[in-house]
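Residue strings, one per chain:
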Amino acid sequence: MIQTNTPATLVLLFGATGDLAKRKLYPSLYNLYEKGILSEQFAVIGIARRRLTHEQYRNWVKDSVETFGMPQEKIGKFIRHFYFQSHDVTDENSYRELKGLADELDEKYAANGNRIFYLAMSPEFFGTVAESLKEYGFTDTKGFKRLVIEKPFGWDLSSAVELNERIRSAFSEKEIYRIDHYLGKEMVQNIEVIRFANAIFEPLWNNRYISNIQITSGETLGVEERGRYYEKNGALRDMVQNHMLQIVSLLAMEPPIRLTTDEIRSEKVKVLRALHPIEKKDVHKYFVRGQYGRGIIGGKEVPAYREEPMVDPNSNTETFVAGKLMIDNFRWAGVPFYIRTGKRMQAKTLKIVVQFKDIPMNLYYRNGSSLNPNLLVIHIQPEEGITLHLNVKKSGRTMETTPVKLNFSNKNVDGINTPEAYEKLLYDILRGDATNFTHWDEVAYSWNFVDPISEAWAEEKADFPNYAAGTFGPKAADELLQRDGFFWWPITNLNIDD
Ligand SMILES: NC(=O)C1=CN([C@@H]2O[C@H](COP(=O)(O)OP(=O)(O)OC[C@H]3O[C@@H](n4cnc5c(N)ncnc54)[C@H](OP(=O)(O)O)[C@@H]3O)[C@@H](O)[C@H]2O)C=CC1
Ligand SMILES: O=C1O[C@H](COP(=O)(O)O)[C@@H](O)[C@H](O)[C@H]1O
């Protein structure tokens, strides 16, 4: 049953003064509140080391909400639900004080012991916080308890296993919500509906009719202030292990027998298990890495990655990854899934291009018509919608063909912006729906796939930089497809409105 309102809840937000809280969490919570979805019986304890009074913290939340242009009406009322506790998560002595405030607010808001622990802080603290929450009795509550964990979940399979064991000592798998914010994006959630609610797609969704699938995630930004984090992770761990593999699993999964969390997850896991493993010696055949040099973005010269703050001037970290993934099962054998993701690329874009196989015979070649392959383009961002590329007859006394596009844009239907990914994910957490969060098995299989690639790359110094900022990555990424007789569809020409 779908609940429209969220239950009474106390949220303990660790990392309350951080970038994520400010840019995503407060505006999303506000949106839920403003729409009347959030119960009045909610309170947030913001937690960070610095010293702030409740009032100072409320102003912090207010600033964040105002910066993102949220309507003013209810801000004053909204921020009364926020409280601050100065607390170092590594200092055992301060948990008792925090517990005192949690118990007090639980009573004041009649939260029935329902608790969400949101760890919006550096992953190095995830294990410590989870264990301390148990040790100091926070998890000993009569209501529900949920642990929300941001990425990255580990650095490789063995560190992820270790982290998982620590967390599982305090929370059951069902109580853990591992955030992958791509799963909150409107059109990512739409992949299943497009596939499973349309008779015209599902019969074609296999290796008999699809020749290849391409997923491009481009960012024009560089690493900004996150050089320290990024140096350690690179694009493979930052984007491929989680977001890109999640999209692949949604595109490739079998129809679940029911639309329940467990059934959907179980089908996604099967895809990740079926990924053709890449041995270290073969990594160069399937994967390409890149790092941006100087270049021009938006008419302005931007620095090379190695010139960014907190980045090693000889860094071997990749800011771009392209890869060819094969799925060893009946449906997908022989169909490459190409992925590419990078910083400082030509456009901020996230698109999926499903290329269908050519028809067996072109009846129209005598008229000089070379038929274009049918494409289904799923626009995830910045535009949201789908485009189907077809061939039709040119108007007039001719049998020549011409390509046309059938467009659906979310904007034209819903009129207003679709909710931010974090708004939807927070709503799901409050209602206890874990469908759009990553199960441990998905995390483990993803690391298992990615680890040989990162190991191979760590062993060999790359010839970086190898692409100029403002492009779509190194030449080798194009060659990856050329070897199979394909090319990257020019993503900037595939917009809905073109
Ligand atoms: N920012 C983003 O866009 C995204 C972030 N993430 C993930 O979200 C998490 C948070 O990232 P982000 O907000 O950028 O991080 P920030 O570095 O901006 O914020 C860290 C927060 O943790 C607090 N903090 C640090 N050390 C301690 C401590 N020992 N005890 C208590 N509080 C502490 C800081 O406050 P104080 O210094 O006062 O203690 C601050 O509030 C990370 O896991 C990140 O990978 C995921 C996707 C996107
Ligand atoms: O998780 C991450 O995602 C962002 C890109 O997110 P998007 O919603 O703007 O596509 C990326 O910039 C960041 O490096 C990564 O950690």
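Just so you know, these numbers come straight off a predicted model, no measurement behind them. (Residues numbered from 1 in each chain as written. Chains lettered and ligands numbered in written order. Predicted model: local features only at pLDDT ≥ 70, side-chain atom pairs only at ≥ 80, totals over all residues. Heavy atoms only, no water.)

## With respect to the site of ligand 1
What counts is decided by this rule: Throughout this document, a residue counts as near a molecule or strand when at least one of its heavy atoms sits within 4 Å of that molecule or strand. Two N or O atoms count as a polar contact when they lie within 3.5 Å, although within protein this holds only if one can serve as hydrogen donor and the other as acceptor, and sequence-adjacent residues are included solely when both atoms are side-chain atoms. Working definition of accessibility: Shrake-Rupley area with a 1.4 Å probe, residue cover restricted to the visible protein chains. Helix and strand assignments follow DSSP, with helices taken as H or I runs no shorter than four residues and strands as E runs no shorter than two, numbered in order from the N terminus. Three classes are used: nonpolar for Ala, Val, Leu, Ile, Met, Phe, Trp, Tyr, Cys and Pro, charged for Asp, Glu, Lys and Arg, and polar for all others, with Gly counted as polar.
Taken together, 21 residues are adjacent to ligand 1, and Thr17, Asp19, Arg23, Arg49 and Arg50 come closest. Here methionine 121 contributes a backbone N or O atom positioned 2.9 Å from an oxygen atom of ligand 1. Notes on ligand 1: free accessible area 890 Å², of which the protein chains cover 81%. Considering every element that reaches the shell around ligand 1, the biggest residue donor is helix α1 (residues 19–34), with three residues. Residues of the shell around ligand 1, tallied by class, amount to ten nonpolar, four polar and seven charged.

## Concerning the site of ligand 2
Surrounding ligand 2, one finds Lys151, His181, Tyr182, Lys185, Glu219, Arg226, Asp238, Met239, His243, Lys343, Lys348 and Gln381. Between an oxygen atom of ligand 2 and a side-chain N or O atom of aspartate 238, the distance comes to 2.6 Å. Here histidine 243 contributes a side-chain N or O atom positioned 2.7 Å from an oxygen atom of ligand 2. About the coverage of ligand 2: the protein hides 82% of its 400 Å² of free accessible area. Considering every element that reaches the shell around ligand 2, the biggest residue donor is helix α8 (residues 227–252), with three residues. Across the shell around ligand 2, the residue classes tally to two nonpolar, three polar and seven charged.

## Details of the domain arrangement of the protein
Spelled out, the test is: An automatic or database domain assignment supplies the residue ranges for each domain.
Looking at the protein, the domain boundaries give domain 1 (9–150) and domain 2 (183–421 + 439–483). Using only C-alpha atoms to locate each centre, domain 1 and domain 2 end up separated by 35 Å.

## Concerning the sheet that holds strand β3 (residues 82–86)
Cut-off, in case you're wondering: For two strands to count as paired, DSSP must find a minimum of two bridges between them. Axis lines are fitted to C-alpha atoms, over the contacting stretch for helices. Their N-to-C directions set the angle, which ranges from 0 to 180 degrees.
A sheet is described by the order of its strands in space; here six strands give the open sequence β3-β2-β1-β4-β5-β6, paired in parallel fashion. The open sheet terminates on both sides in strands that have one partner only, identified here as β3 and β6 (176–178). When the angles between neighbouring strand axes are averaged without regard to direction, this sheet yields 20°. As paired elements, strand β1 (residues 9–14) and strand β4 (residues 115–119) share five bridges and run parallel to each other. When the bridges of β4 are listed, valine 11 appears paired with isoleucine 116.

## Describing the packing of aromatic side chains
Rules: For Phe, Tyr and Trp, rings pair up if their centres lie within 6.5 Å, where Trp contributes its six-membered ring, and each pair is then called stacked (planes under 30 degrees apart), edge-to-face (over 60) or tilted (otherwise). The rule is simple: take the accessible area with a 1.4 Å probe, protein chains only, and divide by the maximum for that residue type; under 20% is buried, over 50% is exposed, in between is partly exposed.
Summed over the entire model, instances satisfying the criterion amount to 27 aromatic pairs. Judged by centre distance (6.1 Å) and plane angle (80°), the rings of tyrosine 83 and tyrosine 109 are edge-to-face. Here tyrosine 83 is found in strand β3, whereas its partner tyrosine 109 is found in the loop between α4 (94–108) and β4, with 26 residues between them in sequence. Like tyrosine 83, the residue tyrosine 109 is buried in the burial classification. For the ring pair tyrosine 338 and tryptophan 488, a centre distance of 6.1 Å and an interplane angle of 65° mean the geometry is edge-to-face. Residue tyrosine 338 is found in strand β13 (residues 337–342), and its partner tryptophan 488 is found in the segment after α14 (475–482); the two are separated by 150 residues along the sequence. This pair shows no difference in class: tyrosine 338 is buried, exactly as tryptophan 488 is. One aromatic cluster in this structure is built from Tyr26, Tyr30, Tyr33, Phe42, Tyr57, Phe78, Phe82 and Phe84.

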